[in-house]
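Each chain is listed here by its residues.
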Amino acid sequence: MEDSSRHLGHCMVDMKELSANPEGLSAAGVILTPTLLQVEFSLACKDLLAVGKDRKPNALVQVAVIDPHKQHLVSQSCTEIVEANKDPLFLTGVTFPSEYPASPETLVKLTVYDAKDKSQESSCFLGSATFSVGDLLRAKDERLTLNLRSSDGVCAAGTVVVSRLKMGEMEAVDIEHITTDITSHKCPVVCESASHACFNRENTALAGPVFKNPVCKVYRFQTVDNKWMLVREQMEECTLSFSIPKQLLSLYIQEDMSRVQDLRELGELSPHWDNLRKEVMTRYGGIITTYQETLAELDKITGCSFKPSCCKSQKSLEFIPINLHTQRMRVTCPRKTDSSYDIVTVGAPAAHFQGFKCGGLQRLLSRYEAEKKSFSTAYQCIYYSPEHTAKAHEVLSTMNLLHPLITGLAEQLLQAAQEHSSPGLRDSLKNLSDKTEQFVHTLKDELVKNALLALHTARPGYVSKNQKQTLVQGDQHQGHIHQGSDQKQSPSQGLPGHSPATSVTESTAVCNNVEGSQTTMRGEERPLPLKHQDSIPHHNEYDEEEWDRVWASVAKCLNCVIAMVDKLQDEDNSKKEPILEQQLADVITSHNPGDWREQLRPAVTRLKECVMEVVEKAKRAMTFVLLQEAACSIPQGFFLQQRRDVVFSQALAALACGFVMRLYAGMQDKDFLRQLHLVGLVAQFESLLSTYSDEIGMLEDMEVGISDLQKVVFHITEAKTDDLSDLQPLVCGRRDHFTVEVPLPQLVFQTLPDEIKEGKPLRVFPVLFNVGINEQQTIAERFGDISLQERINQKNFEMLEAYYKSLSGKVSVECLPCFQTQTDIKELLETLGQNVVTKKRKNVEILWTAGMICRRLNGIRFTSCKSAKDRTSMSVTLEQCALLRDEHQLSKDFFIRALDCMRREGCRIENVQKNIRCRKYAFNMLQLMAFPKCYRPPEGTYGKVDS
């Protein structure tokens, strides 16, 4: 093959019409949009002359576009180096970027060099040639053979051959160097694409609002049976990098402003609690101001859709994910339908601006929960566990959701009564009953009752019976106050969760008449000892039946509504007797359809009033819980919340990008859509961070950020119009629950399953696997601690296994994607489980196996390192070549060469260029000695750079 000149491989050209598809839909069921001419071609040379007569050249070709209007060169691309070959055939093809679209007048200059070393820094000019795109289109067999002109103008440097091919068409080529099963037939280099094989994102209007600035690369690689496959890489930015964080910031501001308003509406509090409220509101105000300033800075940025790695520590961009890109590899092989493999690359979600001196979120949150009890002592607050505060958030969210629903359903019931519609009454009553029962069930919680007690004791002038007795005794026995108080203390009072209820009322009452942290009795008497409360209060000196009566009244009012509806329907049925036809008109005229509404209105009104009363009480109670939680969190809790907001924003932007990408790709796959609404999708995050130094903190941030994605659901909605602005995903919700709405054009939306069209929440199951591969991981494995990595991998393996069990119970294995490798998913899970518990240094098989499982489960693949630039590039290219080997029979002789091509001239080196303006991976030789061999870049592509 090395000496071949007649077999020239192929190139690829997508000739797209300049008018929209008249049908409105493509085979994939999406709207087509016009695009400019896109040209891709491959190169080969023949009879090259090296500078030295005793050696063969190490040839490479640089390709430049000549702007026909401005008459200047625009650097375009470069092939790989083919060593010691006078007739090189280059595997790396050439494609025109979107910013320099091809036209027939476009001129292309090809310059051939003899590279003295693999860094290409020392090269010798051999010759050049120029042609126009029109020349290529008009040429016989769409192939040009051009003479290379040497520096002295003599045509003695050899020739260069340019070949073109339309993707998806049958194209016959010379068979001298390609064997087939039937020798009398020519072998197609690229077989005809099946319409269902690939959702070609670049052809669809759906790409418009989300994906932009594509970078494309094309290769041709040899298979084990000496055929040729076409491989096309496409990397794109995602507009969600900025739009999702900006929406989240607005929601954070809205939520915190609502929290401040709730605190104001708590009513009058004792001086102690009022001071705490003011301090908490001040903290919230600071966060709101900071977020508003950040949002204003982001609004100034226009046109940019990714954050380069060199800006990862910039404060104004801390909510933006680092270097978020999508990458798709499309493969076309003889006698095989096209296949596409997608991946999302993003820098590890982490708070780089805030730094990692004290660790990341996982460590900080654990330390914070352990220290919060001492904070509650200092601030004289009640300690609430994370479960209790989460429950308080849940109650507030449920009330905010159900209260307007119940009110709306009550109005629907009255409307059905006015229309004298029995079916309408039944349906409205059933919906109203379901939502009201859910509402009552939510509030039937001890936390609400206990919180009402705590709020009651925080009112001004509250003194419990025990405290009154203490005050009376204090007038007579001042000298025995402390002794008696100490003797009455329960042995379990100092233990978390075991404090008696008496201490709550006593402790809170003492706080009620103070302006600061010290409390004194009447006149100049000594301060009472403050007793720290570690647990949620129980009812004492408080009419606990009041709350039971209030909340039970909702159920009673609902029963009254049900009874009234039954009565109305029974009366109506009893009146239905045989009526003569001539009397029917008179009966209808005499009946007043408003009777039902008027009879039902009092019961419905009472129900709405009771619900409102319950909402007001429960809202104040839960707000007081959160006030205490916030008060004993000052200031650490607020800093942690900000850090968590930052990390979650980055993680959600990446997840939304991956979900949209996967949805677009599976739009015509009925099995995928069924899996989507029945079970949901797994989102597998691969991390290459080390467990040493700052990267431990990054990994701790990432773990919490990925885990927080469990509170996200997706809704597919029908876009108002097909305008690109109406197809932008939207985020709504609060910190404890977010919903991402993904709008689709009307014609596309109508093809979805009914469950999705009806708004069923679509879940995503995030899992994270980490294996460090650099020299810092070597230090951690030999002298440090890798327990964080081991714990993460074990925990997420169990989550992945649970997802598969859930999936296999609802979706048959036949509905999952088919792969050439026949390994069963159960076997892959067993292999992964064994690797997770195996004590093996840099066990990258964990990542490989997890990635294979994800693709077999129709999941969303993510790969991350610190900046998604260097280690991520090594991982993505390795995974792509492994897929070509395992699924498309890439020849083992071509595996390393294909890997080097992708790393040297593929999309990933373009990603490096976009981030740091330099085509060098940020590695040095010492670092690479610690890398697994398959993660090392080719010589000449790395060096010391600012990353």
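Keep in mind the model is a prediction, meaning the values are calculated, not measured.

**What to know about the overall build of the chain**
- Scanning the chain from terminus to terminus reveals 26 helices and 19 strands.
- Per-residue burial for the chain yields a buried fraction of 55% across its 947 residues.
- Counted over contacts in the chain with a minimum sequence separation of 6, partners at least 24 positions apart contribute 76%.
- Within the structure as shown, the chain displays about 40800 Å² of accessible surface, and the carbon and sulfur contribution to it stands at 51%.

**Observations concerning a nonpolar patch on the surface**
- On the surface, Tyr692, Ile779 and Phe783 cluster together into a nonpolar patch covering about 320 Å² of accessible area.
- In this structure, Tyr692 sits in the loop between β14 (681–687) and α16 (694–708).
- For Tyr692, a relative accessible area of 34% puts it in the partly exposed group.

**A short note on the packing of helix α2 (residues 240–264) against helix α14 (residues 636–665)**
- Between α2 and α14, the least distance of the axes is 9 Å, while the angle of their chain directions is 135°. Between α2 and α14, the angle falls in the class oblique. Classified by chirality, the crossing of α14 by α2 is right-handed. Contacts between α2 and α14 involve Leu240, Ile244, Pro245, Leu248 and Tyr252 from the former and Asp645, Phe648, Ser649, Leu652, Ala653, Ala656, Cys657 and Val660 from the latter.
- Of the residues in the contact of α2 with α14, the class split is 11 nonpolar, one polar and one charged.

**Quick notes on the packing of aromatic side chains**
- If you walk through the whole model with that rule in mind, you get 16 aromatic pairs.
- Geometrically, the ring pair formed by Phe41 and Phe131 is edge-to-face, given 5.9 Å between the ring centres and 80° between the ring planes. Of this pair, Phe41 sits in strand β2 (residues 38–46) while Phe131 sits in strand β7 (residues 123–132); the two residues are 90 residues apart in sequence, bridging distant segments of the chain. Comparing Phe41 with Phe131 shows no difference in burial state: the two are buried.

**Structural notes on the sheet that holds strand β16 (residues 730–734)**
- Spatially, β10-β11-β12-β13-β19-β14-β18-β15-β17-β16 is the arrangement adopted by the 10 strands of the open sheet, whose pairing is mixed. At either end of the open sheet lies a strand with only one pairing partner, and these are β10 (211–222) and β16. Averaged over all neighbouring strand pairs, the angle between strand axes comes to 25°, with direction disregarded.
- Across five bridges, the pairing between β14 and strand β19 (residues 860–864) is parallel. Residue pairing across strands places Phe685 opposite Phe862, the latter belonging to β19.
- Strands β10, β11 (228–238), β12 (325–333), β13 (336–345), β14 and β19 of the sheet are contacted by helix α23 (residues 871–888), whose axis makes an angle of about 160° with β13.

**Side note on the side chain of Asn843**
- Within the secondary structure, Asn843 sits in the loop between α21 (825–837) and α22 (845–856).
- A polar atom in the side chain of Asn843 sits 3.3 Å from the side chain of Asn835.
- The residues contacting Asn843, other than those within four sequence positions of it, are Val771 and Asn835.

**Things to note about the nonpolar core**
- Counting 146 residues, the largest nonpolar core has Phe439, Met622, Phe659, Phe714 and Ile716 as the members making the most contacts within it.
- Looking at which element gives the most residues to this core, the answer is helix α13 (residues 595–631), with 18 residues.
- Not counting residues up to four positions away in its chain, the partners in contact with Phe659 are Leu676, Leu681, Phe714, Ile716, Val742, Leu762, Val764 and Ile860.
- With 61 residues, the next largest nonpolar core counts Met229, Leu688, Val771 and Phe895 among its residues.

**Considerations on the pattern of salt bridges**
- Here the structure, examined in full by the defined rule, presents 40 salt bridges.
- In this structure, the salt-bridge partner of Lys227 is Asp225, at a minimum N-O distance of 3.8 Å.
- With a relative accessible area of 3%, Lys227 lands in the buried category.
- Where Lys246 meets Asp299, a salt bridge forms, and the shortest distance between an N and an O atom there is 3.3 Å. Placement of the pair is Lys246 in helix α2 and Asp299 in helix α3 (residues 271–300), with a sequence separation of 53 residues.
- Connected through salt bridges with shared partners, the residues Glu255, Asp256, Arg259, Asp645 and Arg735 form a single ionic network.

**Thoughts on helix α25 (residues 907–916)**
- With nine of 10 residues buried, α25 lies mostly within the body of the structure.
- Residues of α25 that are buried include every one of Cys907, Arg908, Ile909, Glu910, Asn911, Val912, Lys914, Asn915 and Ile916, and no others.
- Its buried side turned inward, α25 meets β10, β11, β12, β13, α23 and α24 (892–905).
- Immediately beyond the C-terminal end of α25, within one or two residues, lies Arg917, with a positive phi of roughly 60°.

**Digging into the packing of helix α7 (residues 446–457) against α13**
- One can describe the packing of α7 onto α13 by two numbers: an axis separation of 8 Å at closest approach and a directional angle of 75°. Comparing the axis directions of α7 and α13 gives the class roughly perpendicular. Taking contact as the criterion, the partners of Leu447, Val448, Ala451, Leu452, Ala454 and Leu455 in α7 are, on α13, Lys617, Ala618, Arg620, Ala621, Met622, Phe624, Val625 and Gln628.
- In terms of residue class, the contact of α7 with α13 is made up of 11 nonpolar, one polar and two charged.

**Overview of α22**
- Across its 12 residues, α22 extends 16 Å between first and last C-alpha, which sits within 8% of the 16 Å expected from 1.5 Å per residue.
- When you tally the buried positions in α22, you get nine out of 12 residues, the bulk of the element.
- Burial in α22 covers these residues: Ile846, Leu847, Thr849, Ala850, Gly851, Ile853, Cys854, Arg855 and Arg856.

**Examining the pairing of strand β3 (residues 59–66)**
- A large share of β3 lies buried, amounting to seven of its eight residues.
- Examined bridge by bridge, β3 and strand β6 (residues 107–115) share eight bridges and lie antiparallel to one another. What sits directly across from Ala64, in β6, is Lys109.

**Some remarks on the environment of Ala683**
- Note that Ala683 resides in strand β14.
- When the C-alpha positions of Ala683 and Ile860 are compared, they lie 4.7 Å apart, and in sequence the two are 177 residues distant.
- Excluding residues within four positions of it along the chain, Ala683 makes contact with Leu655, Val764, Phe765, Pro766, Val767, Ile860 and Phe862.

**As for the confidence of the model for the chain**
- For the chain, mean pLDDT is 80; residues scoring 70 or higher make up 77% of the total.
- A low-confidence stretch, residues 477–540 (pLDDT under 50), is modelled with 125 contacts involving residues beyond four sequence positions or located in other chains.
- Across residues 579–591 the pLDDT falls below 50, and counting only partners more than four positions away or on other chains, this stretch makes three contacts in the model.

**Focus on unusual backbone geometry**
- Phi is positive for Ser693, close to 60°, though the residue is something other than glycine.
- Within the secondary structure layout, Ser693 lies in the loop between β14 and α16.
- Backbone geometry at Ala868 places phi at a positive 60°, although glycine is not the residue there.

**Details of the pairing of strand β15 (residues 712–718)**
- Alignment of β15 against strand β17 (residues 737–744), held across seven bridges, turns out to be parallel. Its bridge partner being in β17, Val713 is matched across the sheet by Thr739.
- When β15 meets strand β18 (residues 762–770), the two strands line up antiparallel, connected through two bridges. Bridge pairing links Phe714 to Leu762 in β18.

**Quick notes on the state of the cysteines**
- All told, the structure shown has zero disulfides when counted by the stated rule.
- You can see Cys818 has no disulfide; the closest cysteine sulfur is in Cys815, sitting 10.0 Å from it.

**Focus on the environment of Asn843**
- Asn843 gets classed as buried once you look at its relative accessible area, which sits at 4%.
- Separated by 72 residues in sequence, Asn843 and Val771 have C-alpha atoms that sit 6.8 Å apart.

Cut-offs used in this document
Residues numbered from 1 in each chain as written. Predicted model: local features only at pLDDT ≥ 70, side-chain atom pairs only at ≥ 80, totals over all residues. Heavy atoms only, no water. Helix = DSSP H or I, 4+ residues; strand = E, 2+ residues; numbered from the N terminus. Buried < 20%, exposed > 50% of the residue type's maximum accessible area, 1.4 Å probe, protein only. Contact = heavy atoms within 4.5 Å. Areas by Shrake-Rupley, 256 points an atom, 1.4 Å probe, with all protein chains shown as cover. Patch = residues over 30% accessible without salt bridge, like charges linked within 9 Å, V, L, I, M, F, W, Y side chains within 5 Å. Salt bridge = Lys/Arg side-chain N within 4 Å of Asp/Glu carboxyl O. Axes fitted to C-alpha atoms, helices over the stretch in contact; angles between N-to-C directions. Parallel < 35°, antiparallel > 145°, perpendicular 65-115°, else oblique. Left-handed = near helix turned anticlockwise from the far one by under 90°. Nonpolar A, V, L, I, M, F, W, Y, C, P; charged D, E, K, R; others polar. Phe/Tyr/Trp six-rings, centres within 6.5 Å; stacked < 30°, edge-to-face > 60°. Pairing = 2+ DSSP bridges. Polar contact = N/O pair within 3.5 Å; in protein donor to acceptor, adjacent residues only side chain to side chain. Core = buried A, V, L, I, M, F, W, Y, C linked by side-chain atoms within 4.5 Å. Expected span 1.5 Å × (residues − 1). pLDDT = per-residue confidence, 0-100. Disulfide = S-S within 2.5 Å.

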